[in-house]
Amino acid sequence: MPGLLRGVARTAVVAGTATAVSNRVSRRQAGRWAQQDYAQQQEPAPPPAPAAPQPAAPDEMTQKIDQLKQLADLKAQGILTDQEFENQKRQLLS
């Protein structure tokens, strides 16, 4: 019987120690998670990204250059003759 009592006592000590260690680990981990959550809540939100600047309205000269490029493309494709191109160009630049 003394051997049986010793075995039961040893099992109780081992089980109690394991439970105590497990509980301590759980509490420590919960504390760490709580600290991380608190730290994340305390961090200021990043500032919003600056709004993209509004594109400037193209000035008159830029529009004329674009129209001249379109006329040159039409001439290169054979849609406009040389005389039609010159007339349109003169009209655009005047």
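Residues numbered from 1 in each chain as written. Predicted model: local features only at pLDDT ≥ 70, side-chain atom pairs only at ≥ 80, totals over all residues. Heavy atoms only, no water.

**Student:** Explain the overall build of the protein residue by residue, including any values.
**Tutor:** A tally of regular secondary structure across the protein gives three helices and zero strands. Listing each helix as α and each strand as β along the protein from the N terminus yields α-α-α. Among the 94 residues that make up the protein, the fraction classed as buried is 5%. Total accessible area computed for the protein in this model is approximately 8,600 Å², and 58% of it derives from carbon and sulfur atoms. (Helix = DSSP H or I, 4+ residues; strand = E, 2+ residues; numbered from the N terminus. Buried < 20%, exposed > 50% of the residue type's maximum accessible area, 1.4 Å probe, protein only. Areas by Shrake-Rupley, 256 points an atom, 1.4 Å probe, with all protein chains shown as cover.)

**Student:** Tell me what's going on with the environment of M61, and back it up with residues and numbers.
**Tutor:** Structurally, M61 is set in helix 2 (residues 60–77). Overall, the relative accessible area of 52% leaves M61 in the exposed class. Separated by 32 residues in sequence, M61 and L93 have C-alpha atoms that sit 9.5 Å apart.

**Student:** Please provide a residue-by-residue account of a positive patch on the surface, values included.
**Tutor:** Taken together, R24, R27, R28 and R32 make up a surface patch of like positive charges. You can see R24 is positioned in helix 1 (residues 2–42). Accessibility expressed as a relative area gives 52% for R24, which makes it exposed. (Patch = residues over 30% accessible without salt bridge, like charges linked within 9 Å, V, L, I, M, F, W, Y side chains within 5 Å. Salt bridge = Lys/Arg side-chain N within 4 Å of Asp/Glu carboxyl O. Lys, Arg positive; Asp, Glu negative; His and termini not counted. Charge placed at Lys NZ, Arg CZ, Asp CG, Glu CD.)

**Student:** Account for helix 2, naming residues and giving values.
**Tutor:** Taking 1.5 Å per residue, 18 residues should reach 26 Å; helix 2 reaches 26 Å between its end C-alpha atoms and fits that length. Two residues or fewer after helix 2 comes G78, characterised by a positive phi angle close to 90 degrees. (Expected span 1.5 Å × (residues − 1).)

**Student:** I'd like to hear about the packing of helix 2 against helix 3 (residues 82–93), residue by residue, with values.
**Tutor:** Orientation of helix 2 relative to helix 3, taken along the N-to-C sense of each, is 175 degrees, at an axis distance of 10 Å. Relative to helix 3, helix 2 is oriented roughly antiparallel. Here K64, Q67, L68, L71, A72 and K75 of helix 2 come into contact with helix 3, specifically with D82, F85, Q88, K89, L92 and L93. (Axes fitted to C-alpha atoms, helices over the stretch in contact; angles between N-to-C directions. Parallel < 35°, antiparallel > 145°, perpendicular 65-115°, else oblique. Contact = heavy atoms within 4.5 Å.)

**Student:** Run through the pattern of salt bridges, naming residues and quoting values.
**Tutor:** For the structure shown, the criterion picks out three salt bridges. Here K75 makes a salt bridge to D82, at a shortest N to O gap of 3.4 Å. For the salt bridge of E86 with K89, the shortest nitrogen-to-oxygen distance reads 3.6 Å. Within this pair, E86 and its partner K89 are both found in helix 3, separated by three residues, close to a single helical turn.

**Student:** Which residues make up the environment of L71, and what are the values?
**Tutor:** Mapping L71 onto the fold places it in helix 2. Separated by 18 residues in sequence, L71 and K89 have C-alpha atoms that sit 7.9 Å apart.

The analysis is restricted to geometry; functional conclusions fall outside its scope.
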